[in-house]
Amino acid sequence: DHNSVPQLSDTKQDEELQEELCAAVYKLNATKVSQFLERGIPMDEATTNAAFWAVVKAVDTAEAQDKPLSADVPRMLHHIFDADLRHLLTNREQLRTNVTCMQPATEDTEGSARRMNY
């Protein structure tokens, strides 16, 4: 089964598990990502970032092809938001600025498109 997560063994290293988690993220396989998270293998910041951009790519592709979004997209967004919150709470001493929110608001179509540009 391509969705099953291997069981931890004495020979399985955390790094290998992180690589498998990252591969599931790149494939936008929310079921497998959920299994890793349920087993206590969290998404690190790099994997969370990769998950975000995988979702962005899926949204852009669906939009360009005029197709509906995969059901994995909202599930992955939940995983991303949860991981981001965990990272934020873990790294409280670091100051972070959301530059997206700092963009000037414009009412014209061009301004709206610029704000949506990734």
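Here, every reference points to the structure presented above.
Residues numbered from 1 in each chain as written. Predicted model: local features only at pLDDT ≥ 70, side-chain atom pairs only at ≥ 80, totals over all residues. Heavy atoms only, no water.

(A) Layout of the overall build of the protein chain. Scanning the protein chain from N- to C-terminus turns up five helices and zero strands. Walking the protein chain from its N terminus toward its C terminus, one meets helices and strands in the order α-α-α-α-α. The buried share of the protein chain, reckoned over its 118 residues, is 28%. Surface accessibility of the protein chain: about 8,600 Å² in total, with carbon and sulfur atoms responsible for 54%. (Helix = DSSP H or I, 4+ residues; strand = E, 2+ residues; numbered from the N terminus. Buried < 20%, exposed > 50% of the residue type's maximum accessible area, 1.4 Å probe, protein only. Areas by Shrake-Rupley, 256 points an atom, 1.4 Å probe, with all protein chains shown as cover.)

(B) Fine view of the nonpolar core. Ranked by size, the top nonpolar core spans 18 residues in total, and within it Val25, Val33, Met43 and Met76 carry the most contacts. Secondary-structure elements contributing two or more residues to this core are helix H1 (14-26), helix H2 (30-38), helix H3 (45-64) and helix H4 (72-90). Met76 has contacts with Val25, Leu28, Ala30, Val33, Ala51 and Val55, leaving out every residue within four places of it along the chain. (Core = buried A, V, L, I, M, F, W, Y, C linked by side-chain atoms within 4.5 Å. Contact = heavy atoms within 4.5 Å.)

(C) Quick look at H1. Helix length check: H1 (13 residues) gives 18 Å between terminal C-alpha atoms against 18 Å at 1.5 Å per residue, within 8%. Among the residues of H1, Leu17, Leu21, Cys22, Ala24 and Val25 are the ones counted as buried. For H1, the angular spread of the buried residues around the axis is 160°, confining them to a single face. Structural note: H1 exposes Glu15, Glu19 and Tyr26 on the side pointing more than 90 degrees away from its buried face. In this structure, the buried residues of H1 make contact with H2, H3 and H4. (Expected span 1.5 Å × (residues − 1). Arc of directions from axis to C-beta.)

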